[in-house]
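Here is how the chains run, residue by residue.
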There are 2 protein chains.
Amino acid sequence: MGLVSDAAKGIKNDLISSVAKAENISEEIVRKGISAGTIVVPKNLNRTLKKIVGVGQHLKTKVNANIGTSPDHIDLDEELKKMQAAVEAGADAIMDLSTGGNLTQIRKEILQACPVPVGTVPIYEAACRTVAKKKKISEIESEVLFDVIEEQCAQGVDFITVHCGITKATVDILNTDGRLAGVVSRGGSFLVKAIKASGKENPLYSQYDRLLDIAKKYDVTLSLGDGFRPGCTFDATDACQIAELSVLGQLVRRARQAGVQAMIEGPGHVPLNQIQANVEIAKKLGLGAPLYFLGPLVCDIAAGYDHITAAIGGALAAAYGVDFICYVTAAEHLRLPDIEDVYEGVIAARIAGHAADMVKGVAGAREMDNEMSKYRKALDWQKMQELSIDPKNFAKQRAKLPPQDKNVCTMCGEFCAMKD
Amino acid sequence: MGLVSDAAKGIKNDLISSVAKAENISEEIVRKGISAGTIVVPKNLNRTLKKIVGVGQHLKTKVNANIGTSPDHIDLDEELKKMQAAVEAGADAIMDLSTGGNLTQIRKEILQACPVPVGTVPIYEAACRTVAKKKKISEIESEVLFDVIEEQCAQGVDFITVHCGITKATVDILNTDGRLAGVVSRGGSFLVKAIKASGKENPLYSQYDRLLDIAKKYDVTLSLGDGFRPGCTFDATDACQIAELSVLGQLVRRARQAGVQAMIEGPGHVPLNQIQANVEIAKKLGLGAPLYFLGPLVCDIAAGYDHITAAIGGALAAAYGVDFICYVTAAEHLRLPDIEDVYEGVIAARIAGHAADMVKGVAGAREMDNEMSKYRKALDWQKMQELSIDPKNFAKQRAKLPPQDKNVCTMCGEFCAMKD
């Protein structure tokens, strides 16, 4: 049973037809992709989704928006509004990264209200429980972690980030890498601390079969986290990053054998001239599993505008084959994002994804731009607005300084080059 | 006499030492670049500049901000504020593209107030004079055009866009290209109309030596305009665009022979997978002249956010060798930009330029990011702010939701991965 099994055996499954319809491609391509593990469809068996979302080869590049409370700022209503803003802006998935307040309740309300797949990082809740018991994060217990994973999966989470590639062996490599920013993945940093303090192996690695069993039980997609993702461009593509990636590839293989859907997460901060290599090595070592990249940010000095820095890297990464982009907001590196940051972050990531889709042969992508260009030449402002990535903002921006001649805009007025 | 002649003969010239100092490279590299025509330093003999700006090989990628009135919106004070905002945001040059109001007066005030090089597109004023005489734009007269050029150069303009590659021969190619968006360069469209109506050659081409004489007289840099720049991604890299480019390369050669500085303008709208080819062919056909690209925009559907679309293309183009990026604002395709659009447009273009400088070996670029990363790891928020691309915005954004523990931020709070 389960989606992968259905796809492999050619058993009819509504998720396959939903994805095929949404992407305007054949069910056979989707079925083959799921069966081969090059496409995932994150959806928990216990969840009803308004929108089924496929991620992977041949499919439109998807965008995830991270929301969630932090110890410094706990406001469930605001997080629900962020979720709505992200969906309105066109996000294909939401991750609830809450670490402040009643996490079970927050997740429950997000799962209820959210029309698209929801992901989590269970180790965050395990860390919160550890700290609540007045213990250090490094004392995080494997049983607490697995309890949280089981609870979150039972609750209906569609995909979970699990940093299974942080191992005693890869931590050894980290120690010799001379990084400037060290470990910047929150979950990754917890596991590194635990390994260093206890000398014991990461339970997500040593008990990976147990993790697969839970994932299989609820048909939860594993998002194999990049705990060693570079946190600055200097650290990009270093030995521990690639060592972790090669572990993740092996875990993708075991997930496939178990009939569990898996994708691989990627960096992070990567200079422009290393993005292609990062994508290609991740596709190769990851055995073609869908790639889920955060950014990448192409420089380190643009805090306050990192939605732009990430859009640059994300566009390039997606053009080279990344399937799923995690947005970065303008608040990154500075504070928890607000509703406006979330909205604009999603749009920026969608622009990156679409620019990539145009050149990687995604069905219908290029046609949208050609249609827009025809309406632009025809000075058909209504159609331009409808086709634009954010029709509401299109209208709002144009209305700020309306032209005397409604056919043109106030940039060139009567000198509009589009006029004959 | 003149900068090129001084550079060729090894005569001391303050512009050479100013550029070398600003870029932290040797005077010899700058001298050789100016002599070879791979570096230009736009500065009119009649002008005093607070900031000398070099553009070209080995130098930091520069950013230009377009400002100026349109027939629909004439407010000199606002344009001066836009100029100030652009300079405050870090623009290296300003183009005054005014087409509404008293153009001579507007330009005079901008030239007086602006600390960086100022460029213009003289054919705009020639078009305004033509329309003022109740004539059609297609009836634009060559004597009016050359009068305007001479007047603007005498007034102190540092560089001028001249669409010399729109010729009878390249218009013939345009006619067969099947473009979706036709000609979107304003100046280019005026010249195409004139050629089509009169059957006569473009005076900027047929009387190019006259143009060179004026440029030489005031040491004005020619920015050889891309009148056939693609106005949508479908039209990118087509025959008329490349034909115009090959004409421009020939004109670069003649400019060099005359001791006139010249750069070449580039597109426009270009899909991600054609940017490298566009830059390389422009560098080759342009004989290594500095490249000045507008964008490029990597898709057509993002009006309202085209500063982001352009930053994606601009970063990639600059990484492949573009030397000078003309910003695109969020208002592009919708209306004349306001002050905020100008500011944010410059920042977006600077991010693109810096991300490129890190990977094309510009002195000091990579070091900035490494320094930032060290301060980020050290949680030194004051130094991070000082080093960031926009310190004011850094402070403003962080203050929106201040953390309880001043060492971290409200994204992760006590779970900050950067903390030990």
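About the criteria used
Every chain is numbered on its own, with residues counted from 1 as its sequence reads. The naming scheme follows written order: chains are lettered A onward, ligands numbered 1 onward. Since the coordinates come from a predicted model, pLDDT governs what is reported: local features require at least 70, and pairs of side-chain atoms require 80 or more to be given and counted, while whole-chain, interface and lining totals use all residues. Only hydrogens and water are set aside; all other atoms, that is, all heavy atoms of the structure, feed into the side-chain values. Should DSSP find at least two bridges between two strands, the strands are taken to pair. Only DSSP runs of H or I covering at least 4 residues are called helices, and only runs of E covering at least 2 are called strands; the numbering of each starts at the N terminus. Throughout, an axis means a line fitted to C-alpha atoms (over the contacting stretch in the case of helices), and angles, computed between N-to-C directions, take values from 0 to 180 degrees. Bear in mind that the domain bounds are from an automatic or database domain assignment. In this description, contact between two residues means that some pair of their heavy atoms is separated by no more than 4.5 Å. Each of two parts loses accessible area, computed with a 1.4 Å probe, when they are put together; buried area is these two losses added. Should a side-chain nitrogen of Lys or Arg be within 4 Å of a carboxyl oxygen of Asp or Glu, the pair is scored as a salt bridge. Put simply, a nonpolar core is a bunch of buried Ala, Val, Leu, Ile, Met, Phe, Trp, Tyr and Cys residues held in one set by side-chain atoms that sit within 4.5 Å of each other. Buried residues are those whose accessible area, probed at 1.4 Å on protein chains only, stays under 20% of the maximum for their type, while exposed residues exceed 50% and partly exposed ones sit between those limits. The term polar contact refers here to a pair of N or O atoms within 3.5 Å; inside protein, the definition further demands a hydrogen-donor-capable atom paired with an acceptor-capable atom, and it admits residues adjacent in sequence only when both atoms are side-chain atoms. In this classification, Asp, Glu, Lys and Arg are treated as charged, Ala, Val, Leu, Ile, Met, Phe, Trp, Tyr, Cys and Pro as nonpolar, and every other residue, Gly included, as polar. The atoms used to superpose the copies are C-alpha atoms, taken from residues with pLDDT of at least 70 in both, and the fit is least squares. To estimate how far a helix should reach, multiply one less than its number of residues by 1.5 Å. Paired rings are identified among Phe, Tyr and Trp, the last through its six-membered ring, by centres lying within 6.5 Å, and are further divided according to the angle between planes into stacked (under 30 degrees), edge-to-face (over 60) and tilted (the rest). Note on criteria: charge over ring means Lys NZ or Arg CZ within 6 Å of the ring centre, with the direction from the centre no more than 35 degrees off the ring normal.

S.K.: Would you mind going over the sheet that holds strand β10 (residues 324–326) of chain A in detail, with residue names and values included?
M.R.: The strand order β3-β4-β5-β6-β7-β8-β9-β10 (chain A) describes a closed barrel built from eight strands, whose pairing is parallel. Direction aside, neighbouring strands of the sheet carry axes that sit 25° apart on average.

S.K.: Please set out the domain arrangement of chain A residue by residue, giving values where relevant.
M.R.: Residue and element names in this part refer to chain A. Domains assigned within chain A are domain 1 (39–360) and domain 2 (365–415). Between the C-alpha centres of domain 1 and domain 2 the distance comes to 36 Å. With eight residues of domain 1 in contact, the opposing surface of domain 2 contributes seven residues. Carbon and sulfur atoms supply 59% of the area buried between domain 1 and domain 2, which totals about 690 Å² over both sides. Ranking the residues of domain 1 by area buried against domain 2 places R350, H354 and M358 at the top, with a combined share of 58%. Linking domain 1 to domain 2 there are one salt bridge. Across the salt bridge formed by E88 and K392, the nearest N and O atoms sit 2.8 Å from each other.

S.K.: Tell me about the sheet that holds strand β6 (residues 159–162) of chain B, residues and numbers included.
M.R.: Residues and elements named next belong to chain B. With respect to topology, eight strands assemble into a closed barrel ordered β3-β4-β5-β6-β7-β8-β9-β10, the strand pairing being parallel. When the angles between neighbouring strand axes are averaged without regard to direction, this sheet yields 25°. Inspection of the sheet shows strand β9 (residues 291–294) paired to strand β10 (residues 324–326) by three bridges, in the parallel sense. Note on β10: the bridge partner recorded for F293 is I325.

S.K.: A description of the nonpolar core should follow, citing residues and the corresponding values.
M.R.: Core analysis: the largest hydrophobic core is formed by 266 residues, its most contacted members being L211, L222 and L224 of chain A together with L211, L222 and L224 of chain B. Those residues in contact with L224 of chain B that lie beyond four places of it in its chain are V162, C164, Y208, L248, L251, V252, A262, M263, I264 and E265 of chain B.

S.K.: Tell me about the interface of chain A and chain B, residues and numbers included.
M.R.: With 92 residues of chain A at the contact, the number on the chain B side is 92 residues. Buried area between chain A and chain B, summed over both chains or domains, comes out near 7900 Å², and the portion from carbon and sulfur atoms is 66%. Along the contact surface separating chain A from chain B lie zero salt bridges. Applying the counting rule to chain A against chain B returns 20 residue pairs in polar contact (both at pLDDT 80 or more). Where the side of chain A that touches chain B is concerned, the elements lending two or more residues are α6 (122–132), α9 (186–198), α14 (306–320), α15 (339–359), α16 (365–377), α17 (381–387) and α18 (391–399) of chain A. No other element matches the 10 residues that α15 of chain A contributes to the side of chain A that touches chain B. Along the lines of polarity and charge, the residues of the side of chain A that touches chain B split into 53 nonpolar, 21 polar and 18 charged.

S.K.: Can you break down the relation of the copies chain A and chain B residue by residue, with the values?
M.R.: Rotating chain A by 180° and moving it 0.0 Å along the rotation axis overlays it on chain B with an RMSD of 0.0 Å. As the rotation angle and translation indicate, the two copies are arranged about a two-fold axis. Measuring from the rotation axis to each C-alpha of chain A, the shortest distance belongs to I312 of chain A, at 2.2 Å. Looking at the interface residues of chain A, 100% of them are also at the interface in chain B, so both copies use one shared face.

S.K.: Explain the environment of G156 of chain A to me, using residue names and the numbers behind them.
M.R.: Residue and element names in this part refer to chain A. Counting through the fold element by element, G156 comes out in the loop between α7 (142–155) and β6 (159–162). Judged by relative accessible area, G156 falls into the buried class, the value being 0%. With 126 residues separating them along the chain, G156 and V30 place their C-alpha atoms 24 Å apart. Setting aside residues up to four positions removed in sequence, G156 forms contacts with N44, N46, R47 and L111.

S.K.: Account for the side chain of Q261 of chain A, naming residues and giving values.
M.R.: Residues and elements named next belong to chain A. By secondary structure assignment, the location of Q261 is in the loop between α12 (239–257) and β8 (262–266). The exposure class of Q261 is buried, given its relative accessible area of 3%. In terms of polar contacts, Q261 uses its side chain to reach the backbone amide nitrogen of V41, at 2.8 Å. When near neighbours in sequence (up to four residues on either side) are disregarded, Q261 contacts L3, V4, I39, V40, V41, V220, T221 and L222.

S.K.: Before we move on, could you go through α16 of chain A and cite the residues and values that matter?
M.R.: Residues and elements named next belong to chain A. An ideal rise of 1.5 Å per residue puts 18 Å on 13 residues; α16 measures up with 19 Å between its terminal C-alpha atoms. For α16, the elements touching its buried residues are α15 and α17. Where α16 ends, the next residue or the one after it, L379, has phi of about 55°, a positive value.

S.K.: Now, about the packing of aromatic side chains: what can you tell me, with residues and values included?
M.R.: Any pair of aromatic rings gets described here by the distance separating the centres and the angle formed by the planes. The final tally for this structure, using the stated rule, is 12 aromatic pairs over all chains. Here the aromatic rings of Y292 of chain B and F324 of chain B are separated by 4.1 Å at their centres, their planes lie at 20°, and the arrangement is stacked. Separated by 32 residues along the polypeptide, Y292 of chain B in strand β9 and F324 of chain B in strand β10 bring together distant segments of the chain. Neither Y292 of chain B nor F324 of chain B differs from the other in exposure class; each is buried. These aromatic residues form a ring-pair network of at least three members: Y124 and F190 of chain A together with F415 of chain B. Between R210 of chain B and the ring centre of F146 of chain B, over which it is positioned, the NZ or CZ distance is 4.2 Å.

S.K.: Describe helix α9 (residues 186–198) of chain B, naming the residues involved and giving the relevant values.
M.R.: All names here are of chain B. End to end, α9 covers 18 Å across 13 residues, agreeing with the expected 18 Å (1.5 Å per residue, within 8%). The set of residues buried in α9 consists of R186, G187, G188, S189, F190, L191, V192, A194 and I195. Here the buried face of α9 lies against α6 (122–132), α8 (168–176) and α10 (203–206). Looking at the residues trailing α9, positive phi occurs at G199, about 75°.

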